[in-house]
Amino acid sequence: MLCGVCSVGWSNPWLPPAMNTAFMNVITAKVVDGGSSSDCHLLTMATLVRQTGGRVLELGHFFGDATLGLLLGVASRGGGLVRSVDTLPSSFVPPADLRSYWNFTNMETLAYLRSLEAGEMFDLVFVDDFHSSDHVAEELRLLTPHLHSNSLLLLHDLVAGTKPFY
C-alpha cells in the first residue's frame, strides 16, 4: 500500500487488509487536511499498544486523534480496552469495527484516577491533558499503583527548558 502523504509503501501484517486500507486512508486524509500533531503518531501508538498490552488509559482525549492509534493497537491484539478520560465532552466517533474497544469518561482526570479500584492495572498510559507541572506530578503519583513493571507511560507535550515548565 502506498501512503499518499509521504509516498512510502506501507502495510502492517498484524492488521487485517481492510484495516490497513482504513488506517492509510485516515492518515492520508488527516495529514493532507492539516491534522494535529497526534495524527503523525498513529502508527507509533498502535505499535506500542500492540507490543505492551490491551489495557490502555488515555488522559486527555480532545478530538480523538491519538485515540484512533490506541484503538488500532488494541484491535490488532484481538482484544482489550482503551479508556479515554477528558473534562470536555467527546465528539469523536470511532470506526464501527473499533467501537467495542473504547470507553469514554467525561470527568476531570485527577478525580478519575482517585476513583480507580485498588489493583486495577494498565499496560500503557498516554498522558496528554492539562500540562501544568503540578497537575502532571499529581497524575503520576496517582498512576503509580496502577502500573506494573512492564507498563509503558507516555507523556505528550513535554519540552525541557521552556516555560511553562511541564
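Residues numbered from 1 in each chain as written. Predicted model: local features only at pLDDT ≥ 70, side-chain atom pairs only at ≥ 80, totals over all residues. Heavy atoms only, no water.

### Side note on the packing of aromatic side chains
What the rule picks out here adds up to three aromatic pairs. Where Phe62 meets Phe63, the ring centres are 4.1 Å apart and the plane angle is 50 degrees; that geometry is what we call tilted. On the accessibility criterion, Phe62 (55% relative accessible area) is exposed. Where Phe92 meets Trp102, the ring centres are 5.3 Å apart and the plane angle is 90 degrees; that geometry is what we call edge-to-face. Of this pair, Phe92 sits in the loop between strand 2 (81-86) and strand 3 (102-106) while Trp102 is found in strand 3, placing the two residues ten residues apart along the sequence. One exposure class covers both Phe92 and Trp102, and it is buried. Taken together, the ring pairs connect Phe92, Trp102 and Phe104 into an aromatic cluster. (Phe/Tyr/Trp six-rings, centres within 6.5 Å; stacked < 30°, edge-to-face > 60°. Buried < 20%, exposed > 50% of the residue type's maximum accessible area, 1.4 Å probe, protein only. Helix = DSSP H or I, 4+ residues; strand = E, 2+ residues; numbered from the N terminus.)

### Focus: the nonpolar core
Counting residues in hydrophobic clusters, the biggest one holds 20 residues, and the most contacted among them are Val56, Leu70, Leu71, Val82, Leu98 and Leu124. Going through the elements one at a time, helix 2 (42-52), helix 3 (65-77) and strand 4 (122-127) are the ones with two or more residues in this core. Here this core gets seven residues from one element, more than from any other, and that element is helix 3. When residues no more than four places from it in sequence are discounted, the contact partners of Leu124 are Leu48, Val49, Thr52, Arg55, Val56, Leu57, Leu70, Leu152 and Leu154. The next biggest cluster of nonpolar side chains, apart from the first, holds twelve residues, and it includes Leu59, Leu110, Leu113 and Leu116. (Core = buried A, V, L, I, M, F, W, Y, C linked by side-chain atoms within 4.5 Å. Contact = heavy atoms within 4.5 Å.)

### Comments concerning helix 2
Given 3.6 residues to a turn, an α-helix orients residues that are three or four positions apart in the same direction. Burial in helix 2 covers these residues: Leu42, Met45, Ala46 and Val49. Buried residues along helix 2 cover an arc of 100 degrees about the axis, so they all sit on one side. Remark: Gly53 follows helix 2 within two positions and exhibits a positive phi of approximately 145 degrees. (Arc of directions from axis to C-beta.)

### Let's talk about the side chain of Glu58
One can find Glu58 in strand 1 (residues 55-59). Overall, the relative accessible area of 1% leaves Glu58 in the buried class. Ignoring any residue separated from it by four or fewer positions in sequence, one finds Glu58 in contact with Ala66, Thr67, Leu70, Arg83, Ser84, Val85 and Phe126.

### Observations regarding the pairing of strand 2
Bridge count for strand 1 against strand 2 is five bridges, and the pairing is parallel. Each bridged residue has a counterpart across the sheet, and for Val56 the counterpart in strand 2 is Val82. For the crossover from strand 1 across helix 3 to strand 2, the handedness is right-handed. Pairing geometry for strand 2 and strand 3, over five bridges, is parallel. Bridging from a neighbouring strand, Val82 pairs with Trp102 of strand 3. (Pairing = 2+ DSSP bridges. Right-handed = clockwise from strand over helix to strand, strands pointing away.)

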